[in-house]
Amino acid sequence: MIKVTGLTKDYGLRRAVENLTFTASKGEILGFLGPNGAGKTTTMRILTGYIPPTSGKVEIGGFDIVDKSIEARRLIGYLPETVPLYNDMTVFDYLMFMANLRNIKQAEDRVDEVLEMVHMEERAEGFVGNLSKGMRQRVGLAQAILHKPEVLILDEPTIGLDPAQIIEVRKIIQELGTEHTVLLSTHILSEAQQVCNRLLIINKGHIVAEDTPEQLQSRLTGSKHITLRVRCGAEDMVPVIHDLPGISSVRLMDENTLEFETSVNQDARPDVARAVISSGLDLLEMTQDTMSLEEIFLQLTRDDFPVLPQESVSASTGEELEEKEE
């Protein structure tokens, strides 16, 4: 488990991160997102014990990263953006070298296990220098999980990979996320949406949002936009749907299509479906329109977006965000 409380880091007069507070639990993949210069790298370096914080506290598996640094770092598996590998070693020899550095018992058996986990068994005797970018990422991931860490910190694990390699690495991360605490930094927003259980978005050293992708979409839009398609007779359904509970507005788009809005906390689709069928119309499609993760990210990290108090970023509704902007 990762527990961060009031984390602040200054570089001289420049404050890189300020008062970050968040947690990540076992079995959770937490996506760590933000534009360049937002403070992601600084935060990850503090979490791995590479640099100390100016103030605040970081606990890894209950150990303070400053006061109990060795104990905390034993629980961490780290995959940096650029994996430091020895090109003149074979994959097996490199992993054996890393296993011996960590004093892993029955090292050969463990190396065989992780090679199987990252699907590199057939490349074990190949030289690291001859591997593709994707294969090198897998070797880096293998060394990160050699010692069975409780916490995995992965910095851009799929950067530079081709589509097939990205899919493979994502599957591995999802499998690891069932048994580890995973903090995943990425610039690929679709990846975060597909892989992560929860997202933490940082901008200008502050956390601006922390929630599931679905909840972020609801909070920022403030309402649900739903498109309804019937075979014909959409015009007749406008007054019927407008009178249903939770419907705030209805718009006729054409003879087959209409759009309606509901409050974030209410799902009116079952009532709408029953109303359409009771009216004798053929229901062809009903889809909910949502903000894409890219739109969410751009809105939260724009220059004029207000910095919210830490305690509000994971609980604010869309209406509260709009009030703070005003």
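What you see is a predicted model; the values in this text were computed from it and never measured.

The rules behind the values
- Residues numbered from 1 in each chain as written.
- Predicted model: local features only at pLDDT ≥ 70, side-chain atom pairs only at ≥ 80, totals over all residues.
- Heavy atoms only, no water.
- Buried < 20%, exposed > 50% of the residue type's maximum accessible area, 1.4 Å probe, protein only.
- Helix = DSSP H or I, 4+ residues; strand = E, 2+ residues; numbered from the N terminus.
- Contact = heavy atoms within 4.5 Å.
- Axes fitted to C-alpha atoms, helices over the stretch in contact; angles between N-to-C directions.
- Parallel < 35°, antiparallel > 145°, perpendicular 65-115°, else oblique.
- Left-handed = near helix turned anticlockwise from the far one by under 90°.
- Nonpolar A, V, L, I, M, F, W, Y, C, P; charged D, E, K, R; others polar.
- Arc of directions from axis to C-beta.

Caption draft 1: Summary view of helix α3 (residues 91-101). Among the residues of α3, V91, F92, Y94, L95, M96, M98 and A99 are the ones counted as buried. Here the buried face of α3 lies against α4 (107-117) and α5 (133-145).

Caption draft 2: Main features of the side chain of Q137. Following the sequence through the fold, Q137 ends up in helix α5. Q137 has contacts with L79, E81, V83, E156, P157, T158 and L161, leaving out every residue within four places of it along the chain.

Caption draft 3: Geometry of the packing of α3 against α5. Two elements in contact, α3 and α5, have axes whose closest approach is 10 Å; the angle formed by their N-to-C orientations is 25°. Overall, the two elements α3 and α5 adopt an arrangement that is roughly parallel. Viewed along their axes, α3 and α5 form a crossing whose handedness is right-handed. Seen from α3, the contacting residues are V91, Y94, L95 and M98; seen from α5, they are V139, A142 and Q143. In terms of residue class, the contact of α3 with α5 is built from six nonpolar, one polar and no charged.

Caption draft 4: Layout of α4. Considered for burial, the residues of α4 that qualify are A107, R110, V111, V114 and L115. Along the axis of α4, the buried residues cluster in a sector spanning 140°; they form a single face. Lining the buried residues of α4 we find α3 and α5. H119 sits one or two positions beyond α4 and adopts a positive phi of about 60°.

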